[in-house]
Amino acid sequence: DPYVTVSVDQVRVGQTSTKQKTNKPTYNEEFSATVTDGHQIELSVFHDTPIGYDDFVANCTLHFQDLLRSAGPSDTFEGW
């Protein structure tokens, strides 16, 4: 029963729905957050448990500076 949290600079800005009974979930969900001086975005995967704390599965951190370096001059992050 996995779900994903989205955080910018360690502030949670969104969480997907929990996908029941699957090891290969698909998320087609959108989150919107205004970021003016952000440093990183983190995606964390958790397994929803019925009792106690949810189990941490994995995470990925992307640094905005790295994304900006790889983007072209006309690229934006809207819709990313």
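The structure reproduced in this document is the subject of the present report. Worth saying up front: this structure is predicted, and the values here are computed from it rather than measured. (Residues numbered from 1 in each chain as written. Predicted model: local features only at pLDDT ≥ 70, side-chain atom pairs only at ≥ 80, totals over all residues. Heavy atoms only, no water.)

## Considerations on the overall build of the chain
1) Next: Per the secondary structure count, the chain includes one helix and four strands.
2) Next: Its helices and strands taken in sequence order, the chain reads β-β-β-β-α from the N to the C terminus.
3) Next: Out of the 80 residues in the chain, the part that is buried amounts to 21%.
4) Next: With the model as given, the accessible surface of the chain reaches about 6,400 Å², and the carbon-plus-sulfur share is 49%. (Helix = DSSP H or I, 4+ residues; strand = E, 2+ residues; numbered from the N terminus. Buried < 20%, exposed > 50% of the residue type's maximum accessible area, 1.4 Å probe, protein only. Areas by Shrake-Rupley, 256 points an atom, 1.4 Å probe, with all protein chains shown as cover.)

## Examining the side chain of threonine 5
1) Next: Within the element layout of this structure, threonine 5 appears in strand S1 (residues 2-8).
2) Next: If sequence neighbours within four positions are ignored, threonine 5 has contacts with Arg12, Gly14, Gln15, Glu42, Leu43, Ser44 and Phe46. (Contact = heavy atoms within 4.5 Å.)

## Topic: the environment of glutamine 10
1) Next: Position of glutamine 10 relative to the elements: it lies in the loop between S1 and strand S2 (11-15).
2) Next: By relative accessible area, which is 70% here, glutamine 10 ends up exposed.
3) Next: As for glutamine 10 and glutamate 42, which are separated by 32 residues in sequence, their C-alpha atoms are 7.7 Å apart.

## What about the side chain of serine 7?
1) Next: Of note, serine 7 is situated in strand S1.
2) Next: Accessibility expressed as a relative area gives 11% for serine 7, which makes it buried.
3) Next: Beyond its immediate stretch of four places on either side in the chain, serine 7 contacts Arg12, Val13, Gln40, Ile41 and Glu42.

## Remarks on the sheet that holds strand S3 (residues 40-47)
1) Next: Taken in spatial order, the four strands line up as S2-S1-S3-S4 in an open sheet, and their pairing is antiparallel. Edge positions in the sheet fall to S2 and strand S4 (55-63), since each of these pairs with one other strand and no more. When strand polarity is set aside, the average angle formed by the axes of neighbouring strands in this sheet is 25°.
2) Next: As defined by bridge partners, S1 adjoins S2 across four bridges and the pair is classed as antiparallel. Its bridge partner being in S2, valine 8 is matched across the sheet by valine 11. (Pairing = 2+ DSSP bridges. Axes fitted to C-alpha atoms, helices over the stretch in contact; angles between N-to-C directions.)

## Quick notes on the environment of threonine 26
1) Next: When you line up the elements, threonine 26 lands in the loop between S2 and S3.
2) Next: Threonine 26 sits in the exposed class, given a relative accessible area of 53%.
3) Next: Residues threonine 26 and tyrosine 3 lie 23 residues apart in sequence; the distance between their C-alpha atoms is 9.9 Å.

All quantities given are derived from atomic positions and should not be read as evidence of function.
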